[in-house]
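Coordinates in review
Each chain is listed here by its residues.
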Amino acid sequence: FPLNTLFYFAQSMCKPTTLPRRQHSLLLSTESFHCETDKDGKSHPPTKTSLFLTMAILVACLYGVEHFLRFLLHTYQDSHPVLEPLLNRKILARHIGVDVLCCMVVAWYGYLHRAICMDAFLHAMGKNTMPRAGYESRIFTYHPGSMQLLFLFLTYQAKNMVDTIVWNDGLLFVVHHLLAGGVAWGGMYPGVAHFYAIFFMGLSEISTGILCILANFDDEHGVPGLGDAFPILKAAIGVLFVIAFITLRSIVWPYMSMHFVRDVQMAIKADGPQLQGRKFTLNGMMYCLVGLSFLQFVWLIQIFILAKEEIGKLL
């Protein structure tokens, strides 16, 4: 053998074998989000460079979908008077090509990975699948499916933030996107609560997606005249939204929040080694969730008031 080959074998025998540093790659499948573990037991999630590169590509794709819908609506603008103004076509393209699409994508991935949080739903049906002693698994266990979902949710918030600034939606929406994106980032790095991410960042967005469809019929935030042109369709979507909101946001959301807060409090009280570097993130998530849970009931009251007004108009 050549001298350098012998030197390589000798060096390999004398030094412990370690996995090479994780390479950058596009995160396009659930498998790409698997966490690699080296010989020392240190976990390596996807690199942040991979994350931002993939995010940039997905945001560019969203822009492509949005502009394709603009082109499509422009082509058929003569089919209905509400499509004639350029602004109306832009609003529809944004709400459908970005908001509705993204909400349904994260909801779909939440459904695909529902097995991760299935214990919570089984517990609601009377089975003992959420023991207090299992808080560590629910708070600290890494799930590739949850990591993927959090990444998709974060990508949506990034695109939404740009749109909010461009469309001048207001400071409240900027704060919302920052908080939502911050919670998703905390779930990814340092990585916590993957068990609960499936519902809060995935399944619960079903109601948000329906709301984004309904928003098109609002004269102030959507397309003026669309609601008057299609009153029955508007009412049907409104009923669907009310059902989804009550089910997901007023019943399941408080139930999941109760378990999440309990698990976080137990993890902080135990103060184990897994809590290192994660305490601030968990506290932030807990307070944000408590605040959002309160808002769910405020929004529920507003929904009933608006529903009463809309029913009165139809009658």
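This section reports on the structure supplied with the text. On a predicted model such as this, the values are computed, not experimentally measured, just so you know.

1. A word on the overall build of the protein chain
In terms of regular secondary structure, the protein chain is built from 12 helices and 2 strands. Restricting to contacts in the protein chain with at least 6 residues of sequence separation, those with at least 24 account for 76%. Working note: accessible area of the protein chain is about 17800 Å², and carbon and sulfur atoms make up 69% of it. Across the protein chain, the 23 positively charged side chains and the 21 negatively charged ones have centroids separated by 10 Å.

2. Regarding the environment of Trp253
Along the polypeptide, Trp253 turns up in helix H11 (residues 231–270). With 39 residues separating them in the primary sequence, Trp253 and Leu292 have C-alpha atoms 9.6 Å apart. Ignoring sequence-local partners within four residues, the contact set of Trp253 consists of Phe199, Phe200, Ser204, Leu248, Leu289, Leu292, Ser293 and Gln296.

3. Examining the pattern of salt bridges
Here the structure, examined in full by the defined rule, presents 7 salt bridges. Close ionic contact of Arg94 with Asp169 constitutes a salt bridge, the shortest N to O distance being 2.7 Å. Of the two residues, Arg94 is situated in helix H3 (residues 86–112) and Asp169 in the loop between helix H6 (144–167) and helix H7 (171–191); the sequence distance between them amounts to 75 residues. By relative accessible area, Asp169 is classed as partly exposed at 29%. Across the pair Arg138 and Asp263 runs a salt bridge whose closest N-O atoms are separated by 2.6 Å. With Arg138 in helix H5 (residues 135–140) and Asp263 in helix H11, this residue pair connects regions lying 125 residues apart in the sequence. According to the relative accessible area criterion, Arg138 is buried, its value standing at 5%. If you follow the salt bridges from partner to partner, you end up with Glu66, Arg70, Lys159 and Asp163 in one network.

4. Some points on unusual backbone geometry
For the bond from Tyr189 to Pro190, the omega torsion is 15°, close enough to zero to count as cis. Relative to the helices and strands, Pro190 is located in helix H7. With a phi angle near 55°, Asn168 is a residue other than glycine that sits in the positive phi range. In this structure, Asp271 is a non-glycine residue whose phi angle is positive, near 50°. Note on placement: Asp271 falls in the loop between H11 and helix H12 (279–314).

5. Overview of the environment of Phe121
If you trace the backbone, Phe121 turns up in helix H4 (residues 118–124). For Phe121, a relative accessible area of 25% corresponds to the partly exposed category. The sequence separation of Phe121 and Pro273 amounts to 152 residues, and the corresponding C-alpha distance is 29 Å. Setting aside residues up to four positions removed in sequence, Phe121 forms contacts with Phe199, Leu203 and Val252.

6. Focus: helix H9 (residues 205–215)
Where H9 is concerned, the buried positions are Glu205, Ser207, Thr208, Gly209, Ile210, Cys212 and Leu214. Against H3, H6, helix H8 (194–203) and H11 lie the buried residues of H9.

7. Looking at the packing of aromatic side chains
The tally for this structure, following the rule as stated, stands at 10 aromatic pairs. On the numbers, 5.7 Å between centres and 45° between planes, the contact of Phe33 with Phe151 is tilted. Of the two residues, Phe33 is situated in the loop between helix H1 (3–14) and strand E1 (36–37) and Phe151 in helix H6; the sequence distance between them amounts to 118 residues. Phe151 carries the same exposure label as Phe33, and that label is buried. Judged by centre distance (5.3 Å) and plane angle (70°), the rings of Phe199 and Phe200 are edge-to-face. Given the relative accessible area of 0%, Phe199 is considered buried. Through a chain of ring-to-ring contacts, three or more aromatic side chains come together here, namely Phe52, Trp185 and Tyr189. Directly above the ring of Tyr63 sits Lys159, whose terminal nitrogen or CZ lies 4.2 Å from the centroid.

Basis of the calculations
Residues numbered from 1 in each chain as written. Predicted model: local features only at pLDDT ≥ 70, side-chain atom pairs only at ≥ 80, totals over all residues. Heavy atoms only, no water. Helix = DSSP H or I, 4+ residues; strand = E, 2+ residues; numbered from the N terminus. Contact = heavy atoms within 4.5 Å. Areas by Shrake-Rupley, 256 points an atom, 1.4 Å probe, with all protein chains shown as cover. Lys, Arg positive; Asp, Glu negative; His and termini not counted. Charge placed at Lys NZ, Arg CZ, Asp CG, Glu CD. Salt bridge = Lys/Arg side-chain N within 4 Å of Asp/Glu carboxyl O. Buried < 20%, exposed > 50% of the residue type's maximum accessible area, 1.4 Å probe, protein only. Phe/Tyr/Trp six-rings, centres within 6.5 Å; stacked < 30°, edge-to-face > 60°. Lys NZ or Arg CZ within 6 Å of the ring centre and 35° of its normal.

Nothing here speaks to function; it is geometry throughout.
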